[in-house]
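# Coordinates in review
Residues per chain are reported as follows:
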Amino acid sequence: MEEIKYYLLCYVIPIVIACFIFIRMFGLNKAKCKAFICSLVCRYIHGKVCDKEKALLFEQLKDHKNSLKTNSKFTILEIGVGSGMNFKFFPSECDVTCLDPNPYNEKYVIDSLRKANNNIRLVKFIEGYAENMLDVPSDSFDAVVCTFTMCSIKGLNDAIEEIRRVLKPGGKFFFLEHVAAHKGSHLRSLQDKFQRIWPYIAKDTHINRETWKFLDNSSFKDVQYHLFTAKFFLAFLAKPCMYGSATK
Ligand SMILES: C[S@@+](CC[C@H](N)C(=O)[O-])C[C@H]1O[C@@H](n2cnc3c(N)ncnc32)[C@H](O)[C@@H]1O
């Protein structure tokens with residue numbers, strides 16, 4: 001009897017209360033729930049695991065802005081914006097358009113923009129996929145930014161060509177992604193094994209994608225990237241990362 005009481009108090013009741021709160025917050029809405037989880041996980045990722053590389057990447061974005069001798073506003077498109085964790089690194093005084101298939105991310109984007117407090121204007125949140133950016137005119141952005149998203153884009157070749165299409169001539173694509181480990185390494189064989197079950201956990205995502213190959217084989221010129229090891233602890237399969245840029 002005592003044992004039953006213990007399990008009820010320590011496990012069953014707290015779990016039932018947690019489920020009740022969760023369902024009150026999100027209903028049974030998967031997309032809403034995904035946006036909430038993304039906002040929590042991404043805050044951890046961006047705050048802890050690749051802070052140095054992110055700073056270097058966005059320094060390049062600032063340099064790109066400064067190199068443009070134009071009076072018009074600097075325009076950025078962020079693909080797979082999630083909850084908008086990159087805004088605080090963006091140069092001030094720019095116009096940002098965000099694209100993400102999950103409409104529930106918009107509220108987190110607006111919140112992150114307010115917190116970034118660096119005079120960035122949100123032009124539009126587009127609900128859509130990078131593979132097919134019908135609503136986005138060609139040659140319209142100075143820069144496209146994409147972080148931790150290329151792993152989950154199903155048609156990555158199409159998406160990269162779309163990114164190139166929407167960039168102005170001379171515009172730059174800035175990216176930071178987790179990628180496949182070196183071929184032949186122990187970590188790579190673990191990634192390859194895990195990839196067989198991974199789609200059941202997170203649909204359409206890749207833990208062993210050689211993302212650099214898609215960029216090398218694209219119509220972009222001057223593709224530059226640096227491989228590095230992120231400070232992921234539990235998610236050690238996502239440690240191999242890369243950041244870099246490509247020019248239209
Ligand atoms: C891991 S989150 C990363 C979010 C954000 N970029 C960051 O670094 O915090 C991946 C995001 O990509 C979005 N996404 C998934 N497939 C996509 C696609 N085909 N095109 C554009 N975005 C996509 C998801 O909705 C999600 O918001």
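Cut-offs used in this document
Residues numbered from 1 in each chain as written. Predicted model: local features only at pLDDT ≥ 70, side-chain atom pairs only at ≥ 80, totals over all residues. Helix = DSSP H or I, 4+ residues; strand = E, 2+ residues; numbered from the N terminus. Buried ≥ 20, exposed ≤ 12 C-beta atoms within 10 Å, placed from the backbone. Contact = placed C-beta atoms within 7 Å. Near = placed C-beta within 6 Å. Expected span 1.5 Å × (residues − 1). Pairing = 2+ DSSP bridges. Axes fitted to C-alpha atoms, helices over the stretch in contact; angles between N-to-C directions. Core = buried A, V, L, I, M, F, W, Y, C linked by C-beta atoms within 7 Å.

Per an unreviewed UniProt entry, the protein is named Thiol S-methyltransferase METTL7B-like, and its organism is Biomphalaria glabrata.

Turning to the overall build of the protein, a few remarks are in order. Looking only at helices and strands, one finds 7 helices and 7 strands in the protein. Along the protein, helices and strands appear, N-terminal first, in the series α-α-α-β-β-α-β-β-α-β-α-α-β-β. In the protein, which comprises 248 residues, the share counted as buried stands at 35%. A fraction of 71% describes how many contacts in the protein between residues 6 or more apart in sequence connect residues 24 or more apart.

So, about the site of the ligand. Around the ligand lies a shell of 22 residues, among which Cys42, Gly80, Gly82, Ala130 and Thr147 are the nearest. Where the shell around the ligand is concerned, the elements lending two or more residues are α2 (30-49) and β2 (94-100). The dominant element in the shell around the ligand, judged by the number of residues it contributes, is α2, at 3 residues.

Note on placement: Val145 falls in strand β4 (residues 141-147). Given 28 C-beta atoms within a 10 Å radius, Val145 is considered buried. Taking the C-alpha atoms as reference points, Val145 and Phe174, 29 residues apart in sequence, are found 4.9 Å from one another. Not counting residues within four places of it along the chain, the set of residues in contact with Val145 comprises Ile76, Glu78, Asn86 and Phe174.

In this section: α2. For α2, which comprises 20 residues, the first-to-last C-alpha distance of 27 Å matches the rise-based estimate of 28 Å (1.5 Å per residue) to within 8%. In the core, the buried residues of α2 are packed alongside α3 (51-67) and α4 (106-116).

In terms of residue burial, strand β1 (residues 74-79) counts as a mostly covered element, since 5 of its 6 residues are buried. Sheet topology note: the β1/β2 ladder contains 6 bridges and is parallel. Within β2, the position partnered with Ile79 by the bridge is Leu99. Taken together, the 4 bridges between β1 and β4 define a ladder with parallel strand orientation. Counted as the bridge partner of Ile79 is Cys146 from β4.

With that settled, consider the sheet that holds β1. Spatially, the 7 strands line up as an open sheet ordered β3-β2-β1-β4-β5-β7-β6, and their pairing is mixed. Edge strands, defined here as strands with exactly one partner in the open sheet, are β3 (120-127) and β6 (221-229). Across the sheet, the axes of successive neighbouring strands diverge by a mean angle of 15°, strand direction being ignored. α4 contacts β2 and β3 of the sheet and is inclined by roughly 170° relative to β3. The strands touched by helix α5 (residues 156-166) within the sheet are β1, β4 and β5 (167-178), with β5 carrying the most contacts at an inclination of about 140°.

A word on the nonpolar core. Counting residues in each nonpolar core, the largest one holds 57 residues, and the members touching the most others are Ile76, Leu77, Leu99, Val144, Ile163 and Val166. Discounting chain neighbours no more than four positions away, the residues touching Ile163 are Ile79, Ala130, Val144 and Phe173.

The next thing to look at is the pairing of strand β7 (residues 240-247). Every other side chain in a regular strand lies on the same face of the sheet, so the side chains alternate between the two faces. Most of β7 is tucked away: 7 of the 8 residues are buried. In this sheet, β7 lies alongside β5 in antiparallel orientation, the contact comprising 7 bridges. Looking at β7, one finds that Phe173 is bridged to Ala246. Relative to β7, β6 is paired through 7 bridges, and the arrangement is antiparallel. Each bridged residue has a counterpart across the sheet, and for Phe228 the counterpart in β7 is Cys241.

We now examine the environment of Arg121. For Arg121, the position within the fold is in strand β3. You can call Arg121 exposed: it has 11 C-beta atoms within 10 Å. The spacing of Arg121 and Ser92 is 29 residues in sequence and 9.4 Å in space, taken between C-alpha atoms. For Arg121, the contacting residues outside a window of four places in its chain are Asp95 and Val96.

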